[in-house]
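So you can see what is in the structure, the chains are spelled out below.
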Amino acid sequence: MDVVDKLQSSGQIERYLQCQKCSQAFVQESRCPRLLPCLHSLCSQCLEEQENTLHIVQCPECDVKYDNVKEIKDFPRDNTRFDLMEFLRLREESYRPNCSVCPEMVATHRCFRCAEWLCNACQEAHRRVTATKKHQLFPVDEVKDAKSLEVFKKNVMCRRHSENCLNFYYTSGHSMEPMCATCALEKNDRKEVHKIEEVAKKKRLEIARHKDSVEKVRTNVTETMERIQSERTNIEENAGRVSEYIDTTFEELISILEKSKAELKSDLQKSVSLKLEMLEEQTKELNALKKQIEEAEVLASLVLVSPNSIAVMQVLIIINYLDLGKRNSNLLTKCDFFSSIPVEYRL
């Protein structure tokens, strides 16, 4: 019962014992479990409601749709749930099963062969009847302590012969059906009739092999998911580190640019100051020269209007001063000086 204990401890057992749409517990007739191809289960009542409305059945668990559903018999019954349900109910302290023959009476024993709960009176009668007196009966308290579901196995009765259990299985071509001993005797090709336990044993082995294969696939999927999660973590961590590096690099670059900006502005200011000083100095020189020239012009005008030739000859200095060719050469030299200032210092 390791599987049941594991599911029960994880809290997942209930979802296997109730309809995955209405969440009602499965009941033998009115809400019997029907297995969908996706391996999820719905009760027969929910299936009938869907099938009668749209002829479409949609699994509420995985949203897979099944179209053109003619009848709910297209989905097989899953009677394996009821043995488990009874096993779990019996584990409850307050639960006491009722007698299968006298439902109003509390059961005291269970017949393993008949798969029935029996009250005290019925178990005494069971021991007296010739057909059942050799059947092994278990007290309810012993059944409560059972570790196997075997003691909870329910007999499924033949619909044609209600007194007979379905103990045989008929396999011919694509036809596969359980049957009782009487139905088996009616078959012409009895070679195709097998004991249901033998057929079930082979199917259990086949299911076990498939389960092992699925477990290997599940292990691979789990490992792949773990690797993906690890890669996601690495990517997120690397992204964080790269983001920090980008921030740090840009901060350093911005710092370098700010420093270069400040240096360039400082150099610019120095160049501007130097040029302005030079221009100021030259402006002063030119203003002085302009003033001298203006005074010389005035003096020259006065000399020119003087009728005294001797006086004119005595002020020959004015001619030298007014030697504009020489002075133009000096001015050109000053202009060449301004032109020789490096481009980076110019505005």
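Report on the accompanying structure. (Residues numbered from 1 in each chain as written. Predicted model: local features only at pLDDT ≥ 70, side-chain atom pairs only at ≥ 80, totals over all residues. Heavy atoms only, no water.)

1. Considerations on the nonpolar core
- Membership of the largest hydrophobic core comes to 28 residues, with the highest contact counts inside it found for L36, L47, V57, F75, W117 and F152.
- Going through the elements one at a time, β2 (41-43), α2 (44-54), α3 (80-91) and α5 (140-144) are the ones with two or more residues in this core.
- No other element matches the six residues that α3 contributes to this core. (Core = buried A, V, L, I, M, F, W, Y, C linked by side-chain atoms within 4.5 Å. Buried < 20%, exposed > 50% of the residue type's maximum accessible area, 1.4 Å probe, protein only. Helix = DSSP H or I, 4+ residues; strand = E, 2+ residues; numbered from the N terminus.)

2. Section: α3
- Counted residue by residue, α3 has nine buried out of 12 residues, so it is predominantly covered.
- Of all the residues in α3, the buried ones are R81, F82, D83, L84, M85, E86, F87, L88 and L90.

3. Observations concerning a negative patch on the surface
- A contiguous patch of negative charge on the surface is contributed by E244, D247, E251 and E252.
- Residue classification places E244 among the exposed residues on the basis of a relative accessible area of 54%. (Patch = residues over 30% accessible without salt bridge, like charges linked within 9 Å, V, L, I, M, F, W, Y side chains within 5 Å. Areas by Shrake-Rupley, 256 points an atom, 1.4 Å probe, with all protein chains shown as cover. Salt bridge = Lys/Arg side-chain N within 4 Å of Asp/Glu carboxyl O. Lys, Arg positive; Asp, Glu negative; His and termini not counted. Charge placed at Lys NZ, Arg CZ, Asp CG, Glu CD.)

4. Digging into the packing of aromatic side chains
- Inspection of the entire model under this criterion finds one aromatic pair.
- Between Y66 and F75, the aromatic rings sit 6.1 Å apart at their centres with planes inclined by 65°, giving edge-to-face as the arrangement. Each member of the pair, Y66 as well as F75, carries the same accessibility label: buried.
- Positioned above the aromatic ring of W117 is the side chain of R110, whose terminal nitrogen or guanidinium carbon lies 4.7 Å from the ring centre.
- Of note, K187 hangs over the ring of Y170, and the distance from its end group to the ring centre comes to 4.3 Å. (Phe/Tyr/Trp six-rings, centres within 6.5 Å; stacked < 30°, edge-to-face > 60°. Lys NZ or Arg CZ within 6 Å of the ring centre and 35° of its normal.)

5. Details of the sheet that holds strand β9 (residues 175-179)
- With respect to topology, three strands assemble into an open sheet ordered β9-β8-β10, the strand pairing being antiparallel. Strand pairing shows two members of the sheet lacking a second neighbour, β9 and β10 (193-195), which therefore form its edges. For this sheet, the mean angle separating the axes of adjacent strands, direction not counted, is 25°.
- Sheet analysis places strand β8 (residues 168-172) next to β9, joined by five bridges and oriented antiparallel. Within β9, the residue paired with T171 across the bridge is M176.
- Helix-sheet contacts for helix α7 (residues 196-304) involve β8, β9 and β10, and the interaxial angle to β10 is about 80°. (Pairing = 2+ DSSP bridges. Axes fitted to C-alpha atoms, helices over the stretch in contact; angles between N-to-C directions. Contact = heavy atoms within 4.5 Å.)

Without other data, these values stay purely geometric and don't point to any function.
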